[in-house]
Amino acid sequence: MLEVIIVDDDQIVIFIQEKMIINHDIASNPISFRKATVALNYLDEQQQRNENKNFLIFLDINMPNINGWDFLKHLESHKENSKYHVVMVTSSINDKDRKEVEKYSMVRSFIEKPIASLDCEKIKEIPEISHFFERV
């Protein structure tokens, strides 16, 4: 099972991402968080339940309090962090951010806002998660 989570402090961005994710059959009911701390608490709880679940996380870099980098560092401390598949979704065009992404094995893609149809189709082709989207 693949659960889709959006972490972004901007409600308009969340709305757009939810619509794109639903319209492109990535998930029928993505879970959204405007605060990274709340999303991390949710993921911590899910880890403790020890369910056989993977997470596709659409993560903003620039957020107040806990930014995307801090979020990734926290996820790395989870014992089964291979179940996290992160798509960085950001308005940043900074090359430093693109290089920083390479430090995290769970980051599968880096997308500039706003998310587009082509981005959604490419996400479904990411090797680590493509099997969740195979049609029978």
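Residues numbered from 1 in each chain as written. Predicted model: local features only at pLDDT ≥ 70, side-chain atom pairs only at ≥ 80, totals over all residues. Heavy atoms only, no water.

## A look at helix H1 (residues 11-23)
The end-to-end C-alpha separation of H1 is 18 Å, in line with the 18 Å expected for 13 residues at 1.5 Å each. For H1, the complete set of buried residues consists of Val13, Ile14, Gln17, Met20 and Ile21. For H1, the angular spread of the buried residues around the axis is 135°, confining them to a single face. Of the exposed residues in H1, those oriented more than 90 degrees away from the buried face are Ile12 and Asn23. Measuring from the side-chain oxygen of the N-cap residue of H1 to the backbone nitrogen of Ile12 gives 2.9 Å; that N-cap residue is Asp10. Looking one or two residues past H1, Asp25 carries a phi angle of roughly 55°, positive in sign. (Helix = DSSP H or I, 4+ residues; strand = E, 2+ residues; numbered from the N terminus. Expected span 1.5 Å × (residues − 1). Buried < 20%, exposed > 50% of the residue type's maximum accessible area, 1.4 Å probe, protein only. Arc of directions from axis to C-beta. Polar contact = N/O pair within 3.5 Å; in protein donor to acceptor, adjacent residues only side chain to side chain.)

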